[in-house]
Amino acid sequence: MPDTIIVPLDGSDSAERALGLAAVVADRTGAEVVVLTARQGGVVVDPKAYLTEVAEAAGIANPRPVVIDDRLAASAIVLVASEARDPAVCMTTHARGGPGHALFGSVAEETLGRAAAPILLVGPRMPVGVPELRHLVVCLDGSDVASAIIPSVSAWARALGIDVTLVNVFDPEQPVDLEQVANDLEADCGPVAWKSLSGRNAADAIVDFAAARPGTLLALTSHGRTGLARLAIGSVTMAVVRNATCPILTVRPSGLE
């Protein structure tokens, strides 16, 4: 579980939407919140004062403002995360779409590709405000990469005080024994529910399931790649971020390049 939550801000209302989620997670885990900005270019006259003011207005106690003038946003996030104790990043993404265009905003995409820390994402359709967190819904697809999120699940669930549900969209080529995974998890985090979803489009099925369960935090694995291999981040993950009305926790498996 994170001891440090890093929230990148750029002076925009859009970026500040991540503060409500960071406040909830910090309150439940006792983590320190670092509010970070980089290369403001004059957008904010007094960056540290701005960072402290907006964080406190969001209900974050004792935020630590960090200003890095000599790096672009993603590089600054990766640097701060590499120096922090058990970090997690909490940020918004525009999750843009369209032919040939990344579904993630460029900073979020680059951060996913470079940072080893878990990343909490607030997508464009998530309502403004402080989210309720009552359910951790873990998405599996039968792959080893997706299953790599399992070791992180029980720690997040215990620290946040929320229940766990495992879901997958049924694929006969990659069946998932959700009941067995649930049984394995129960020793660490109590009763675990599971459900196999149906539908031709996995992302839509996941988004609809989460929308029907207010207070959901979706958990998915990111492949941790970017650049020309950006789609290896996962088309399902990108589509879920673009359309979900709840926050999303992405975990990068160790050892992936």
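Above this text you will find the structure in question.
Residues numbered from 1 in each chain as written. Predicted model: local features only at pLDDT ≥ 70, side-chain atom pairs only at ≥ 80, totals over all residues. Heavy atoms only, no water.

Chemist: I'd like a description of the nonpolar core, backed by residues and values.
Modeler: Core analysis: the largest hydrophobic core is formed by 48 residues, its most contacted members being Ile5, Val7, Leu9, Leu136, Val138, Val164 and Leu166. A total of 7 residues in this core trace back to one element, the largest contributor, which is helix α2 (residues 19-29). Those residues in contact with Leu136 that sit more than four places away from it in its chain are Val153, Trp156, Ala157, Ile162, Asp163, Val164, Thr165, Leu217 and Ala219. Membership of the second largest hydrophobic core comes to 35 residues, among which are Leu36, Leu121, Val137 and Val240. (Core = buried A, V, L, I, M, F, W, Y, C linked by side-chain atoms within 4.5 Å. Buried < 20%, exposed > 50% of the residue type's maximum accessible area, 1.4 Å probe, protein only. Helix = DSSP H or I, 4+ residues; strand = E, 2+ residues; numbered from the N terminus. Contact = heavy atoms within 4.5 Å.)

Chemist: Talk me through the pattern of salt bridges; I want residue IDs and the actual numbers.
Modeler: Applying the stated rule across the entire model yields 5 salt bridges. Between Glu132 and Arg134 there is a salt bridge, with the nearest N and O atoms lying 2.4 Å from each other. (Salt bridge = Lys/Arg side-chain N within 4 Å of Asp/Glu carboxyl O.)

Chemist: Tell me about the pairing of strand β6 (residues 135-139), residues and numbers included.
Modeler: In terms of burial, β6 is largely enclosed, as 5 of its 5 residues are buried. When β6 meets strand β7 (residues 163-169), the two strands line up parallel, connected through 5 bridges. When the bridges of β7 are listed, Val137 appears paired with Thr165. Pairing between β6 and strand β9 (residues 216-221): 4 bridges, direction parallel. Along β9, the bridge assignment pairs His135 with Thr216. (Pairing = 2+ DSSP bridges.)

Chemist: Give a detailed account of the side chain of Asn168, specifying residues and quantitative values.
Modeler: Inspection of the secondary structure puts Asn168 in strand β7. Judged by its relative accessible area of 4%, Asn168 is buried. Look past the residues within four positions of Asn168 in its chain and what remains in contact with it is Leu140, Val176, Leu178, Lys195, Ser196 and Leu197.

Chemist: How would you explain helix α5 (residues 106-114) if you had to name every residue and give the values?
Modeler: Turning to α5, its buried residues number three or more, namely Ala108, Glu109, Thr111, Leu112 and Gly113. Where α5 is buried, its residues touch α4 (73-83), β4 (87-92), β5 (119-122) and β10 (248-251).

Chemist: Describe unusual backbone geometry, with residues and values.
Modeler: For residues that are not glycine, phi is negative in most cases, and the peptide bond is trans in most cases. Phi angles above zero are rare outside glycine, and Asn62 is one such case at about 55 degrees. Its location among the elements puts Asn62 in the loop between α3 (47-57) and β3 (64-68). For Asn62, a relative accessible area of 69% puts it in the exposed group. Of note, Asp86 is a non-glycine position whose phi angle comes to about 45 degrees, a positive value.

Chemist: Break down the packing of α4 against α5 for me, with residues and values.
Modeler: One way to put it is that α4 packs onto α5 with a least axis distance of 9 Å and a crossing angle of 35 degrees. Once α4 is placed against α5, the crossing between them reads as right-handed. Here α4 contributes Ala73, Ala74, Ser75, Ile77 and Val78 to the contact with α5, which in turn contributes Val107, Glu110, Thr111 and Arg114. Each residue belonging to the contact of α4 with α5 can be placed in one class, and the counts come to 5 nonpolar, 2 polar and 2 charged. (Axes fitted to C-alpha atoms, helices over the stretch in contact; angles between N-to-C directions. Left-handed = near helix turned anticlockwise from the far one by under 90°. Nonpolar A, V, L, I, M, F, W, Y, C, P; charged D, E, K, R; others polar.)

Chemist: I'd love a proper account of the pairing of β9, names of residues and values included.
Modeler: Looking along a regular strand, one sees the side chains alternate between the two faces of the sheet. The element β9 is extensively covered by neighbouring structure, given that 6 of its 6 residues are classed as buried. Burial along β9 is two-sided: Thr216, Leu218 and Leu220 and Leu217, Ala219 and Thr221, pointing in opposite directions, are all buried. Of the strand pairs in this sheet, β9 and β10 are connected by 4 bridges, and their pairing is parallel. For Leu220, the partnering residue across the bridge sits in β10 and is Thr250.

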